[in-house]
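Architecture and fold: a report
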Amino acid sequence: MKIAIFNNHRVGLVEGDLIYDVTQAVPEVGPAFPQVYMSRLIDQWPERRDDILAARQRAQGVSLETVTLYAPNPAPLHVVAAPVNYRKHIGEIGARSVSGNSSAVERGFFLKASSSVSGPGDGIILPKSSARRFDHESELAVIIGKRAKNIPREQALEYIFGYSCLIDMTMRMEPGVGEEERVARKSFDTFTSMGPYIVTADEIPDPGVLGNRLWVNDQLRQDSNTSALILDVPGLIEWVSSVMTLQPGDVIATGTPEGVGPVVPGDRVRMTIEKIGTLSVDVKEAVDFAPKRF
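Residues numbered from 1 in each chain as written. Predicted model: local features only at pLDDT ≥ 70, side-chain atom pairs only at ≥ 80, totals over all residues. Heavy atoms only, no water.

1. A closer look at the side chain of serine 164
Tracing the sequence through the fold places serine 164 in strand β12 (residues 160-168). Residue serine 164 is classed as buried on the basis of its relative accessible area, which comes to 0%. One polar contact links the side chain of serine 164 to the main-chain carbonyl oxygen of glycine 195, over a distance of 3.2 Å. A polar side-chain atom of serine 164 sits 2.9 Å from the main-chain carbonyl oxygen of tyrosine 197. Setting aside anything within four residues of it in sequence, one finds serine 164 in contact with Pro72, Glu139, Leu140, Ala141, Ile143, Met194, Gly195, Tyr197, Ile273 and Ile276. (Helix = DSSP H or I, 4+ residues; strand = E, 2+ residues; numbered from the N terminus. Buried < 20%, exposed > 50% of the residue type's maximum accessible area, 1.4 Å probe, protein only. Polar contact = N/O pair within 3.5 Å; in protein donor to acceptor, adjacent residues only side chain to side chain. Contact = heavy atoms within 4.5 Å.)

And the structure:
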């Protein structure tokens, strides 16, 4: 099943080139703050699934080309990200060598602001008149399906609701300035682009064998497979849940492969993950003021 958010906070099921509006079966849906209706739906999925399917049968499909897609979960409680989780990316950024899963665990994880989550219809918005470099990172997003604490890797897949494409944008450190906190450099609004929808976990029995590719203006930049992850999806859930309690709707960004590169306003970024779909976003410049440090 493919679940999307479109137009004015409508919820739809995607089948082929059509989307079916099932909003009537989703409680408390809409633009009012906090927009946690998808996290609530995910939490209540066992009880709501039949209602969603019944709404699908009553709906008339409309072309995906006629709607605007947004982040498939607009307000997750947590966005957790794994740094340096592909071996070839380590050499690319000059990080110390890694051997085995233990080193990946030692590196830890970080949180991105949930307000950075956006979707295809939002684009990626860079700070106004910035001289800094902003890089794309193509990642598999894991959406948690139920409360998870201290989950062994053997049970980890049972706690996944679904998967999505995710572009993790990063403002690179300014040379000569010294260390800058990663959270700040990755938490600008629109810097966690997700979509085009959530594919439920039953459609992807093994998240460890998925192709992951990204293009900028039709130039292939990243081309890898989740089989190259240092710490795989079950390992990430085991590790993160040993530290913090994961909640329904939470997002884990699993890390990016080699090929990371800069984008500028006017670029179009397109990424595809096998069995999930294609996320396409336009890079824009903000129209409002930004401090000179950005």
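2. A look at the pairing of strand β14 (residues 192-200)
Of all 9 residues that make up β14, 9 are buried, and the element is covered over most of its length. As judged from the 2 bridges shared by strand β8 (residues 117-118) and β14, these two strands associate in the parallel manner. Bridge assignment links serine 118 to a residue of β14, and that residue is serine 193. Sheet topology note: the β12/β14 ladder contains 6 bridges and is antiparallel. Within the sheet, the bridge partner assigned to isoleucine 167 lies in β14 and is serine 193. (Pairing = 2+ DSSP bridges.)

3. A word on the pairing of strand β1 (residues 2-6)
The buried fraction of β1 amounts to 4 of the 5 residues, a majority that puts the element mostly inside the structure. Pairing of β1 with β14 involves 2 bridges; the strand directions are antiparallel. Opposite lysine 2, over in β14, you have valine 199 as the bridge partner. With 5 bridges connecting them, β1 and strand β2 (residues 10-15) associate as antiparallel partners. Paired with isoleucine 3 across the two strands is leucine 13, which belongs to β2. As consecutive antiparallel partners, β1 and β2 are separated by 3 residues, and within that stretch asparagine 7 has a phi angle of approximately 50°, a positive value.

4. Looking at the sheet that holds strand β9 (residues 124-126)
Taken in spatial order, the 5 strands make up an open sheet running β9-β20-β19-β15-β16, and their pairing is mixed. In this open sheet, the two strands that pair with only one neighbour each are β9 and β16 (219-225). Taking each pair of neighbouring strands and ignoring which way they run, the sheet shows an average axis angle of 15°. Note that strand β19 (residues 268-273) and strand β20 (residues 277-285) share 6 bridges and pair antiparallel. Across the sheet, the residue bridging to arginine 270 is serine 280, located in β20. (Axes fitted to C-alpha atoms, helices over the stretch in contact; angles between N-to-C directions.)

5. Quick look at the nonpolar core
Counting residues in hydrophobic clusters, the biggest one holds 46 residues, and the most contacted among them are Ile167, Ile237 and Ile276. With 4 residues, the top contributor of residues to this core is β12. Among the nonpolar cores identified, the runner-up in size contains 28 residues, and Val22, Tyr37, Ala71 and Phe161 belong to it. (Core = buried A, V, L, I, M, F, W, Y, C linked by side-chain atoms within 4.5 Å.)

6. Things to note about the packing of aromatic side chains
Overall, the coordinates contain 5 aromatic pairs when judged by the stated rule. Ring geometry for phenylalanine 188 versus phenylalanine 191: centroids 5.0 Å apart, planes at 45°, classification tilted. Neither phenylalanine 188 nor phenylalanine 191 differs from the other in exposure class; each is buried. Connected via pairs of aromatic rings, a cluster forms that spans Phe134, Phe188 and Phe191. In this structure, lysine 146 packs its charged tip against the face of tyrosine 159, placed 4.7 Å from the ring centre. (Phe/Tyr/Trp six-rings, centres within 6.5 Å; stacked < 30°, edge-to-face > 60°. Lys NZ or Arg CZ within 6 Å of the ring centre and 35° of its normal.)

7. What about the environment of threonine 254?
Note that threonine 254 resides in the loop between β17 (251-253) and β18 (261-262). When the C-alpha atoms of threonine 254 and glutamine 60 are compared, they prove to be 36 Å apart, with 194 residues separating the residues in sequence. Filtering out sequence-adjacent residues up to four positions away, threonine 254 remains in contact with Ala82, Asn85, Glu139, Leu140, Val142, Leu229, Val233 and Leu236.

8. As for the pattern of salt bridges
Applying the stated criterion to the full structure yields 13 salt bridges. Among the salt bridges present, the one from arginine 10 reaches aspartate 21, with a minimum N-O distance of 3.0 Å. With arginine 10 in strand β2 and aspartate 21 in strand β3 (residues 18-21), this pair connects stretches of sequence that are 11 residues apart. Residue classification places aspartate 21 among the partly exposed positions, given a relative accessible area of 24%. Across the pair aspartate 135 and arginine 133 runs a salt bridge whose closest N-O atoms are separated by 2.7 Å. (Salt bridge = Lys/Arg side-chain N within 4 Å of Asp/Glu carboxyl O.)

9. A short note on the sheet that holds β18
Reading across from one edge, β13-β10-β18 is the order of the 3 strands in this open sheet, with antiparallel pairing throughout. Each having just a single partner strand, β13 (170-171) and β18 make up the two edges of the open sheet. For strand β10 (residues 134-136) and β13, the ladder comprises 2 bridges, and the chain directions are antiparallel. Its bridge partner being in β13, aspartate 135 is matched across the sheet by threonine 170.

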